[in-house]
Amino acid sequence: MPDTATFYHYGISPWEIEVIYDTLNRSFEVEEKQLPPDDPQYVSMIEIGFPVPYTEAFFEQEFTMDSWVKIKGVIKDVKKRRGRKGIKAFIRFAGFGDNKKIDIVFPLQSKGDRQFEMGIEKIEYLIEIVPVQLQLIPPGAEEIWYLYDEVSYKWSPSVAKTGSINYLFKNNEWRTK
């Protein structure tokens, strides 16, 4: 029985839903759900949760680079079609490296086409740096959110969420304020 990926969305076309669903379904069972819009700044939202860790094996065997390129392409096409009306996308993995207990999330919320594209394109190239960046994480962390900096064109850790506390990553250390 394959693991289950999640695919939540709003404001995307039936064709876009079908392509993403079918691509995910090649490798995983899929829980797909249309959600009500939750943010007036964005006309579309796509959230994909992969049930496997963010590792090289994800791109090489578990999901394959072809499937990843197809998903990226659809998300970038949705962004181009929505223009400044906005799409937000969240790419979530069940762990990273050897750590399967802490989810990792890459949110894409840029209103600019180029920054959005650059952010999604760089996700696959962080495989080796993420475990280094996350060697020291707050105790009890359940998920780590990354942030794409549109000035430096880099992804970096941003927030570590625990059951009751959110830690912010500032000056290469985790802080509660």
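Cut-offs and rules
Residues numbered from 1 in each chain as written. Predicted model: local features only at pLDDT ≥ 70, side-chain atom pairs only at ≥ 80, totals over all residues. Heavy atoms only, no water. Helix = DSSP H or I, 4+ residues; strand = E, 2+ residues; numbered from the N terminus. Rg over C-alpha atoms; globule rule 2.2 N^0.38 Å. Buried < 20%, exposed > 50% of the residue type's maximum accessible area, 1.4 Å probe, protein only. Contact = heavy atoms within 4.5 Å. Areas by Shrake-Rupley, 256 points an atom, 1.4 Å probe, with all protein chains shown as cover. Lys, Arg positive; Asp, Glu negative; His and termini not counted. Charge placed at Lys NZ, Arg CZ, Asp CG, Glu CD. Pairing = 2+ DSSP bridges. Right-handed = clockwise from strand over helix to strand, strands pointing away. Core = buried A, V, L, I, M, F, W, Y, C linked by side-chain atoms within 4.5 Å.

(A) The overall build of the protein, seen in detail. Along its length, the protein carries five helices and nine strands. Tracing the protein from N to C terminus, the helices and strands come up as β-α-β-β-α-α-β-β-α-α-β-β-β-β. For the protein, whose C-alpha radius of gyration is 16 Å, the value lies close to the compact-globule estimate of 16 Å for 177 residues. Among the 177 residues that make up the protein, the fraction classed as buried is 49%. Sequence-distant contacts in the protein: of pairs separated by 6 or more residues, those separated by 24 or more amount to 63%. Summed over all atoms, the accessible surface of the protein reaches about 9,300 Å², with 50% contributed by carbon and sulfur. With 23 positive and 27 negative side-chain charges, the protein shows a spacing of 7 Å between the two charge centroids.

(B) Structural context of the pairing of strand 1 (residues 4-10). With six of seven residues buried, strand 1 lies mostly within the body of the structure. Relative to strand 2 (residues 29-34), strand 1 is paired through six bridges, and the arrangement is parallel. Across the sheet, residue Tyr8 finds its bridge partner in strand 2, namely Lys33. A crossover links strand 1 with its parallel partner strand 2, the connecting element being helix 1 (residues 14-25), and its sense is right-handed. In this sheet, strand 3 (residues 44-50) lies alongside strand 1 in antiparallel orientation, the contact comprising five bridges. Bridging across to strand 3, Phe7 finds its partner in Ile48.

(C) View of the nonpolar core. Counting residues in each nonpolar core, the largest one holds 48 residues, and the members touching the most others are Phe50, Tyr54 and Phe106. It is helix 3 (residues 65-82) that provides the largest number of residues to this core, a total of five residues. Apart from the residues within four sequence positions on either side, Tyr54 is in contact with Phe59, Phe93, Gly95, Phe96, Gly97, Ile104, Phe106, Ile123, Glu124, Leu126, Ile127 and Val130. In this structure, Tyr8, Tyr10, Tyr42 and Met45 belong to the second largest nonpolar core, which totals eight residues.

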